[in-house]
Amino acid sequence: GQNIDQPTEMTATEGAIVQINCTYQTSGFNGLFWYQQHAGEAPTFLSYNVLDGLEEKGRFSSFLSRSKGYSYLLLKELQMKDSASYLCAVLWNNAGNMLTFGGGTRLMVKP
Amino acid sequence: DAGVTQSPTHLIKTRGQQVTLRCSPISGHKSVSWYQQVLGQGPQFIFQYYEKEERGRGNFPDRFSARQFPNYSSELNVNALLLGDSALYLCASRLRDNYGYTFGSGTRLTVV
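Each residue is numbered by its place in its chain's sequence as written, counting from 1. Just so you know, chain letters begin at A and ligand numbers begin at 1, following the order they were written in. The predicted nature of this model means local features are confined to residues of pLDDT at least 70 and side-chain atom pairs, given and counted, to a pLDDT of 80 or more, with totals for whole chains, interfaces and linings taken over all residues. With hydrogens and water stripped out, all remaining heavy atoms of the structure feed into the side-chain values.

## Points about the pairing of strand β6 (residues 53-57) of chain B
Heads up, the rule is: One requirement defines pairing of two strands: DSSP has to find at least two bridges between them. Here a strand is any run of E in DSSP of at least two residues, a helix any run of H or I of at least four, and the numbering for each starts at the N terminus.
Both strand β5 (residues 44-50) of chain B and β6(B) contribute to a ladder of four bridges, which runs antiparallel. From the neighbouring strand, B:Tyr50 faces β6(B), where its bridge partner is B:Glu53.

Shown next as structure tokens:
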């Protein structure tokens, strides 16, 4: 299987930091993506990790450990507009490099 | 540059009917994938096409079919619609195999 696990829901306060974790089966791994999806809208690309370590992009950072099958998305200085679902997606090194999504983490940012 | 465009944006169909959804990828993108997203869940992979050939198929019944045209646009067909087919259908395109996807805004299908 190609299970991707992430928490269903998280709540955080405006201005705070939140970390959204994602675990996946390591066999066939070929890259990991994080997408943001506001209700009723299409997913939008946030980050891509294929090597171990931290990738920083403004208020958002993403970390990957390939040996542990683990990634996290770190959101700093939370804003109300960050309330959305965050989707962890893994690229598998099989025919066609299929992209498989986790169930998504619904983040609610409160004042 | 236009992003991934999908049509129609919304659709209501009756059980047992057939539906065709359309997608135009970003110019230069040769790979197109289709996903089904039920409310509150992550997108589920349906099909992937590259250079007009099917490269992958998700765990969906044969009622679901797709094709890619010479201009790389794509259609998703669903026959004998069931209530459970009600979902947001997302099309995504990418430049090459190890690139991320850019998604269209989706087609919201409601089966009544």
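There is more to say, and it comes next.
## Brief notes about unusual backbone geometry
The phi torsion of most residues other than glycine is negative, and most of the peptide bonds are trans. For the peptide bond that leads from B:Ser7 to B:Pro8, omega is -10°, which places it in the cis range. Here B:Pro8 lies in the loop between β1 (5-7) and β2 (10-13). Its identity is not glycine, yet A:Glu77 carries a phi of approximately 45°, on the positive side. In this structure, B:Glu51 takes a positive phi of about 50° despite not being glycine.

## Description of the interface of chain B and chain A
How big an interface is tends to be expressed through the accessible area that disappears when the partners come together. The test is simple: Contacts were defined at the residue level, with two residues in contact if any of their heavy atoms lie within 4.5 Å. When two parts are brought into contact, each loses some accessible area as probed by a 1.4 Å sphere; the total of that loss over both is the buried area. The salt bridge definition used is simple: a Lys or Arg side-chain nitrogen within 4 Å of an Asp or Glu carboxyl oxygen. As used in this structure description, the phrase polar contact means that two N or O atoms lie within 3.5 Å; if the pair is within protein, one of them must be able to donate a hydrogen and the other to accept it, and residues adjacent in sequence are counted only when both atoms belong to side chains.
Contacts between the two partners involve 21 residues from chain B and, on the opposite side, 19 residues from chain A. For the pairing of chain B and chain A, the buried interface totals around 1400 Å² over both sides, and the portion due to carbon and sulfur atoms is 54%. Our count for the contact surface shared by chain B and chain A stands at zero salt bridges. In this structure, the connection of chain B to chain A is made through four residue pairs in polar contact (both at pLDDT 80 or more). Only β4 (31-37), β5 and β9 (87-94) of chain B provide two or more residues apiece to the side of chain B that touches chain A. The leading source of residues in the side of chain B that touches chain A is β9(B), at three residues.

## Quick notes on the packing of aromatic side chains
What counts is decided by this rule: Two aromatic rings, drawn from Phe, Tyr or Trp (for Trp, its six-membered ring), form a pair once their centres lie within 6.5 Å of each other, and the interplanar angle then sorts them: stacked below 30 degrees, edge-to-face above 60, tilted otherwise. Burial status follows relative accessibility: with a 1.4 Å probe on protein chains alone, a residue under 20% of its type maximum counts as buried, one over 50% as exposed, and anything between as partly exposed.
A full pass over the atoms with the stated rule returns 18 aromatic pairs over all chains. Ring centres 6.4 Å apart and planes at 55° place the aromatic pair B:Tyr101 and B:Phe103 in the tilted group. B:Phe103 matches B:Tyr101 in its accessibility class, with the two residues each being buried. Site record: aromatic cluster; members linked through ring pairs are A:Phe33, A:Tyr35, A:Phe45, A:Tyr48, A:Phe101, B:Tyr35, B:Phe45, B:Tyr101 and B:Phe103.

## Re the pairing of strand β5 (residues 44-49) of chain A
Across five bridges, the pairing between strand β4 (residues 29-37) of chain A and β5(A) is antiparallel. Bridging across to β5(A), A:Tyr35 finds its partner in A:Phe45.

## Comments concerning the state of the cysteines
Spelled out, the test is: Pairs of cysteine sulfur atoms within 2.5 Å are what we label disulfides.
Under the criterion given, the structure shown has two disulfides over all chains. Disulfide pairing is shown between A:Cys22 and A:Cys88; the S-S distance is 2.0 Å. Across the S-S bond linking A:Cys22 and A:Cys88, the dihedral sits near -70°, which makes this disulfide left-handed. Linking A:Cys22 in strand β3 (residues 18-24) with A:Cys88 in strand β9 (residues 84-92), this pair joins segments that are 66 residues apart in sequence. Each sulfur of the disulfide joining B:Cys23 and B:Cys91 lies 1.8 Å from the other. Residues B:Cys23 and B:Cys91 share a disulfide whose torsion about the S-S bond is about -65°; that sign makes it left-handed. Of the two residues, B:Cys23 is situated in strand β3 (residues 19-24) and B:Cys91 in strand β9; the sequence distance between them amounts to 68 residues. For B:Cys23, a relative accessible area of 2% gives the class buried.

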